[in-house]
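# Descriptive analysis of the structure
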Amino acid sequence: MAKKRTSSPLPDSAAKSKKRAKSDRPDSKSGSKTGDFHSDQTKRFPLQKIQDMLTRKFSGTVKPEAAVFLTAILEYLSVEILELSANVARNRSNNPTAALKLTLGDTLEAIESDPEIKELIVKVKNMTSNGDK
């Protein structure tokens, strides 16, 4: 005799894991889970504004993929610098349980202490200063 089909087309173990995954998601009304950095409320770079900027700068048609790629690079660099700044602020802090406060000095020190980011900043400064002349 054929087995009666349940409401889920997935095997029992897959259906259970799918239910668990849904229950782990933050509720849209209550905000994000504690410690979940990649929530729906995370700030994102404005993709359309970057697309418009590229179109104006290069006066022509720019593929949307270029804007997506540049946006991803900017987000990655921002997170990297923020992480380094937080490390500098943690090292500076006397009280590890107190709220962490980042300063511009922490960010500048983080950029100076990381050779790759420092090299990138110098190259960008050189490119922009040569372009202004």
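Before any of the text, the structure's been laid out above.
A few points on the structure. Please read all numbers here as calculations on a predicted model, not as lab measurements. (Residues numbered from 1 in each chain as written. Predicted model: local features only at pLDDT ≥ 70, side-chain atom pairs only at ≥ 80, totals over all residues. Heavy atoms only, no water.)

## Some details on the packing of helix H3 (residues 64-92) against helix H4 (residues 104-113)
Spelled out, the test is: Axis definition: a line fitted to C-alpha atoms, limited for helices to the stretch in contact. Angles are taken between N-to-C directions and run from 0 to 180 degrees. Helical segments are the DSSP runs of H or I of at least four residues, strand segments are the runs of E of at least two, and each set is numbered from the N terminus. An angle counts as roughly parallel when it lies under 35 degrees, as roughly antiparallel when it exceeds 145, as roughly perpendicular when it falls between 65 and 115, and as oblique in every other case. Note on convention: the crossing is left-handed when the near helix lies turned anticlockwise from the far helix by less than a right angle, right-handed when the turn is clockwise. Contacts are residue-level and defined by heavy atoms, with any inter-residue pair within 4.5 Å sufficient. The classification used treats Ala, Val, Leu, Ile, Met, Phe, Trp, Tyr, Cys and Pro as nonpolar, Asp, Glu, Lys and Arg as charged, and all other residues, Gly among them, as polar.
Direction vectors running N to C along H3 and H4 enclose 110°, while the axes themselves pass 8 Å from each other. Taken together, the axis directions place H3 and H4 in an arrangement best described as roughly perpendicular. The handedness of the crossing between H3 and H4 comes out as right-handed. Between H3 and H4, the contacting residues are Ile81, Leu84, Ser85, Val88, Ala89 and Arg92 on the first element and Asp106, Thr107, Glu109, Ala110 and Ile111 on the second. For the contact of H3 with H4, a count of residues per class yields six nonpolar, two polar and three charged.

## Comments concerning a nonpolar patch on the surface
Rule in force here: Residues form patches when they are more than 30% accessible in relative terms and have no salt bridge. Like charges link within 9 Å. Nonpolar side chains (Val, Leu, Ile, Met, Phe, Trp, Tyr) link within 5 Å. The Shrake-Rupley method, run with a 1.4 Å probe, gives the accessible areas here. Residue values count only the displayed protein chains as cover. We define a salt bridge as a side-chain nitrogen of Lys or Arg found within 4 Å of a carboxyl oxygen belonging to Asp or Glu. Classification of residues uses two cut-offs on accessible area relative to the type maximum, computed with a 1.4 Å probe and protein chains only: under 20% is buried, over 50% is exposed, and between them is partly exposed.
A surface patch of nonpolar side chains, amounting to about 240 Å² of accessible area, comprises Leu82, Leu100 and Leu102. Along the chain, the position of Leu102 falls in the loop between H3 and H4. Residue class for Leu102 comes out partly exposed when judged on its relative accessible area of 38%.

## Remarks on the nonpolar core
One recurring pattern in soluble globular proteins is that nonpolar side chains are buried together. We apply this condition: Take the buried Ala, Val, Leu, Ile, Met, Phe, Trp, Tyr and Cys residues and link them wherever side-chain atoms come within 4.5 Å; each set so joined is a nonpolar core.
Grouped together as the largest cluster of nonpolar side chains are five residues: Leu84, Val88, Ala110, Ile111 and Ile117. If sequence neighbours within four positions are ignored, Val88 has contacts with Asp106, Glu109 and Ala110.

## Remarks on the environment of Met53
As for its placement among the helices and strands, Met53 is situated in helix H2 (residues 47-57). As for Met53 and Ala67, which are separated by 14 residues in sequence, their C-alpha atoms are 9.1 Å apart.

## Quick notes on the packing of H2 against H3
Two packed helices can be described by the angle between their axes and the distance between those axes. At a closest axis distance of 9 Å, the pairing of H2 and H3 adopts a crossing angle of 120°. For the pair H2 and H3, the crossing hand works out as right-handed. Taken together, the residues of H3 that come into contact with H2 (itself represented by Leu47, Ile50, Gln51, Met53 and Leu54) are Pro64, Ala66, Ala67, Val68, Leu70, Thr71 and Leu74. A class-by-class count of the residues in the contact of H2 with H3 yields 10 nonpolar, two polar and no charged.

## Structural notes on the environment of Leu47
In this structure, Leu47 sits in helix H2. The exposure class of Leu47 is partly exposed, given its relative accessible area of 38%. In this structure, the C-alpha to C-alpha distance between Leu47 and Val68, residues 21 residues apart in sequence, is 6.7 Å. Discounting chain neighbours no more than four positions away, the residues touching Leu47 are Ala67, Val68 and Thr71.

## Re H2
The condition that has to hold: Taking the helix axis as origin, the arc is that swept by the directions to the C-beta atoms.
Those residues of H2 that fall on the buried side of the exposure criterion are Ile50, Gln51 and Leu54. The arc enclosing the buried residues of H2, seen along the axis, measures out at 105°, which places them on a common side. More than 90 degrees from the buried face of H2, the exposed residues found are Gln48, Lys49 and Arg56. Those residues of H2 hidden inside the fold are in contact with H3. Where H2 terminates, the next one or two residues include Ser59, which has phi positive at roughly 35°.

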